[in-house]
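Residues per chain, in single letters:
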Amino acid sequence: MRYMIVVVIMFAFVGATRAQDEEPTPVGTTWQWVAYLSMDDSTITPENPAMYLLTLNEDGTLNVTADCNMGSGGYKLEGSSMFIEVLSLSRALCPPESLSEDYLSLLGDVVSYVIEDGDLYLALMMDAGIMQFTPLAFPTDVTWQWESYESKSGAISLTVKTPEDYLLTLNSEDKYAHMLVVCNRGTAEYIIEENSLSFQMINVSLFGCQDDSGYLDYMGYLSRVTTYAVMGDNLILTLDTGATMTFSRADE
């Protein structure tokens, strides 16, 4: 039954006639790769889909996570047609069982897409097969520590000396973001919609931190966050200035 559903979807790529503006768009969502089905019925199923991510940004750029490597590139949409190009990629040595090379090779062969029941399906050239993605939900209830800040131009780059002093947790129960900011603690309301994220500060303690602590910078940056992307074990927050804050998972 599963194969029948996928085959029907593959035919939909060829026969769909609805106008593109009536279709949901893959842009602005972080997608995780859950399966690949080739025309010969062979399958590839990643053990950890969250290690194989794809984010199509509004400006035509993309971010990709391929197991232990992260990269960027560009994409082009024309109706239901899609073309993907990964232009830069880190070169870490992934484990032997990694699907990193397979994943990147498949992305390079994508020619069209459709979204059905909230999932993204990418068809490959020559009807070679279908890649299936599901939306990656923001990992709430994870504690993140701030690692770095970089301005849009790259002219300002900051590496945080003590990431454990700058913690951020988005609680799924009370819907508040809880922060440790050097010598202070804070609480903010957060709003997530697709890959958009914003914070509305509620209260922050006002103990006097050291002048070089970066306390005020950190709070100011968070108040200007507009979008997020999850790349492996990293959380990337983009500000309205185009600058980025990079977080990693804090030790349990």
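Residues numbered from 1 in each chain as written. Predicted model: local features only at pLDDT ≥ 70, side-chain atom pairs only at ≥ 80, totals over all residues. Heavy atoms only, no water.

Colleague: If you had to explain the pattern of salt bridges to someone new, which residues and values would you point to?
Modeller: With the rule as written, the count across this model stands at 2 salt bridges. Residues E78 and K76 are paired through a salt bridge, measuring 3.1 Å at the closest nitrogen-oxygen approach. Close ionic contact of D240 with R224 constitutes a salt bridge, the shortest N to O distance being 2.9 Å. Remark: R224 occurs in the loop between α3 (215-222) and β16 (225-231) and D240 occurs in the loop between β17 (234-239) and β18 (244-249); sequence separation between them is 16 residues. Looking at D240, the relative accessible area reads 47%, which means it is partly exposed. (Salt bridge = Lys/Arg side-chain N within 4 Å of Asp/Glu carboxyl O. Helix = DSSP H or I, 4+ residues; strand = E, 2+ residues; numbered from the N terminus. Buried < 20%, exposed > 50% of the residue type's maximum accessible area, 1.4 Å probe, protein only.)

Colleague: Tell me what's going on with α3, and back it up with residues and numbers.
Modeller: Because each turn of an α-helix spans 3.6 residues, side chains separated by three or four positions in sequence point in the same direction. Among all positions of α3, only Y215, Y218, M219, Y221 and L222 are buried. The buried residues of α3 occupy an angular sector of 160 degrees when the element is viewed end-on, so they sit on one face. (Arc of directions from axis to C-beta.)

Colleague: Report on the pairing of strand β10 (residues 143-150), specifying residues and quantitative values.
Modeller: Sheet topology places β10 next to strand β12 (residues 166-170); 3 bridges connect them, and they run antiparallel. Paired with T143 across the bridge in β12 is T169. With 6 bridges connecting them, β10 and β18 associate as antiparallel partners. When the sheet's bridge partners are listed, Q145 is paired in β18 with S248. Sheet topology note: the β10/strand β11 (residues 157-159) ladder contains 3 bridges and is antiparallel. Looking across to β11, one finds that E150 is bridged to S157. (Pairing = 2+ DSSP bridges.)

Colleague: Mind laying out the confidence of the model for the protein, listing which residues take part and the relevant values?
Modeller: With 87% of its residues at a pLDDT of 70 or more, the protein has an overall mean of 85. The lowest-confidence element of the protein is helix α1 (residues 2-15), averaging 41 in pLDDT; the highest-confidence one is strand β8 (residues 119-124), averaging 97. Here residues 1-21 is modelled with pLDDT under 50, and outside its nearest four sequence neighbours on either side it reaches 24 contacts, counting other chains as well. (pLDDT = per-residue confidence, 0-100. Contact = heavy atoms within 4.5 Å.)

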